[in-house]
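Examination of the molecular architecture
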Amino acid sequence: MSKFYFGGQSGSVSSDDEDNLPYPEALPRSDFLAPTFSAPAYLSTLSERHQTLEDLRSDLRERSQALSKELLDLVNENYEQFLSLGSDLKGGEEKVEDVRVGLLGFKRGVEDVRRTVGERRGEIEGLLKQKGEVGSGIALGRKLLEVEQRLEELEDRLMVSSLGRTVSGSGIVEQNEEWSESEDEEDEDEDEELTVKGGVGGSSTQKLQRLVLDCRRVESLVQSVGKEHPFIIAQQSRLIRVRNTILLDLSTALKQTTASGEIGKTRLIKILNIYREFGADTEALTVLKYLKSR
């Protein structure tokens, strides 16, 4: 039997009076359903409830057992319906089929887009490759035109004729006009000085050096194009003729300068340097050996 205490001394209350005390009401279920329910806080609100802790524990235990029984009964009542839930579903096949068809259509659309992108990429790569080839062809054509132009200028200045064309005096004049006035003055001063001192004639070192530099530029262009190119192969005879003519002019200048003795020493050094720039050291040694053996 639960006992309740309403104040006063316990000894003054008889057992009959204790049996007649009111029994506390059951704890409302709604108190336990609060979202912010806290057991310690809830127990602190029961300070005015005249009930022993043991009675409260027993009451809560009975309530827990009752809830478990209610839950079990609820599951048993709806168990058959739960098991038949899958078989009771009807009419969803059409929806599933619609979703499946939609996914297949989307997949085909993605594959079509991917294939189109791949084709466009291949076309763009092909066009870029063609553009690169056209650019390379244009650059090659410019180099070939430059080779032809420089060769023609050298032939005009050296008065060397090639197959199908003749050297005109106007070509020589036009090329001479490209030289600066300072170079002409230096050439004239050098020639006058050598003529006064020892009568050394022939081409000036400035003109010889200019010819050598232009010929080396042509050879460099030929190397960049490639000696196997048909146009370069066709121009080999002209290149050899121009180079041999320059070597002949250098040989003539070297012989004349050597014959002048001490007054031509400075000019001799310049001519030998021109030989070196032309990559014709062997030819210079051959000429010097020939002159020494005479």
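The structure presented is a predicted model; accordingly, all values stated were derived computationally and were not measured.

Looking only at helices and strands, the protein chain has 12 helices and 0 strands in total. When the helices and strands of the protein chain are read in sequence order from the N terminus, they spell out α-α-α-α-α-α-α-α-α-α-α-α. For the protein chain, buried positions account for 22% of its 294 residues. Within the protein chain, contacts between residues separated by at least 24 positions form 67% of all contacts whose residues are at least 6 apart in sequence. Split by element, the accessible area of the protein chain, about 21200 Å² in all, is 55% carbon and sulfur.

In the UniProt entry, the feature "coiled-coil region" (unreviewed entry) is given for residues 43-77. For residues 43-77, helix accounts for 77% and strand for 0%, while the C-alpha atoms at its two ends are 35 Å apart.

Glancing now at helix α10 (residues 236-259). Helical geometry: 3.6 residues make up each α-helical turn, so side chains three or four residues apart lie on a common side. Over its 24 residues, α10 extends 34 Å from the first C-alpha to the last, a length consistent with the 34 Å expected when each residue adds 1.5 Å. Tucked into the core, α10 has its buried residues touching α5 (93-158), α8 (205-225), α11 (265-277) and α12 (281-293). Looking one or two places after α10, you find G261, whose phi comes out positive at around 80 degrees.

With respect to the helices and strands, E277 occurs in helix α11. Considered as a pair, E277 and L213 are 64 residues apart in the sequence and their alpha carbons are 8.0 Å apart. If we ignore the near neighbours within four places in the chain, the residues touching E277 are Q209, V212, L213 and R216. At 3.4 Å, the side chain of E277 and the side chain of Q209 are in polar contact.

Moving on, we get to the packing of aromatic side chains. The geometry of an aromatic ring pair is captured by two quantities: the separation of the ring centres and the angle between the planes. Throughout the structure, instances matching the rule amount to 3 aromatic pairs. Here F32 and F37 contribute two aromatic rings whose centre-to-centre distance is 5.4 Å and whose plane-to-plane angle is 50 degrees, an arrangement assigned as tilted. For F37, a relative accessible area of 34% puts it in the partly exposed group. Relative to Y42, the ring of F37 has its centre 5.6 Å away and its plane inclined at 50 degrees; by these criteria the two rings are tilted. Given the relative accessible area of 14%, Y42 is considered buried. Ring-pair connections join several aromatic residues into one group, and the members of that group are F32, F37 and Y42. Over the ring of F278 we find R243, and its NZ or CZ is 4.2 Å from the ring centre.

What follows concerns the nonpolar core. Within the largest apolar cluster, 30 residues are counted, with the highest numbers of intra-cluster contacts made by V218, V242, I246, L250, Y275 and F278. Those elements giving two or more residues to this core turn out to be α5, α8, α10, α11 and α12. Element by element, the count of residues in this core is highest for α8, at 8 residues. Excluding its chain neighbours within four sequence positions, the residues that come into contact with I246 are L158, L211, V212, C215 and F278.

Evaluated as defined, the whole model comprises 13 salt bridges. In this structure, R238 engages E148 in a salt bridge whose closest nitrogen and oxygen atoms are separated by 2.8 Å. Residue R238 is located in helix α10, and its partner E148 is located in helix α5; the two are separated by 90 residues in the primary sequence.

Basis of the calculations
Residues numbered from 1 in each chain as written. Predicted model: local features only at pLDDT ≥ 70, side-chain atom pairs only at ≥ 80, totals over all residues. Heavy atoms only, no water. Helix = DSSP H or I, 4+ residues; strand = E, 2+ residues; numbered from the N terminus. Buried < 20%, exposed > 50% of the residue type's maximum accessible area, 1.4 Å probe, protein only. Contact = heavy atoms within 4.5 Å. Areas by Shrake-Rupley, 256 points an atom, 1.4 Å probe, with all protein chains shown as cover. UniProt positions renumbered as here; feature names shortened; annotations may be inferred. Expected span 1.5 Å × (residues − 1). Polar contact = N/O pair within 3.5 Å; in protein donor to acceptor, adjacent residues only side chain to side chain. Phe/Tyr/Trp six-rings, centres within 6.5 Å; stacked < 30°, edge-to-face > 60°. Lys NZ or Arg CZ within 6 Å of the ring centre and 35° of its normal. Core = buried A, V, L, I, M, F, W, Y, C linked by side-chain atoms within 4.5 Å. Salt bridge = Lys/Arg side-chain N within 4 Å of Asp/Glu carboxyl O.

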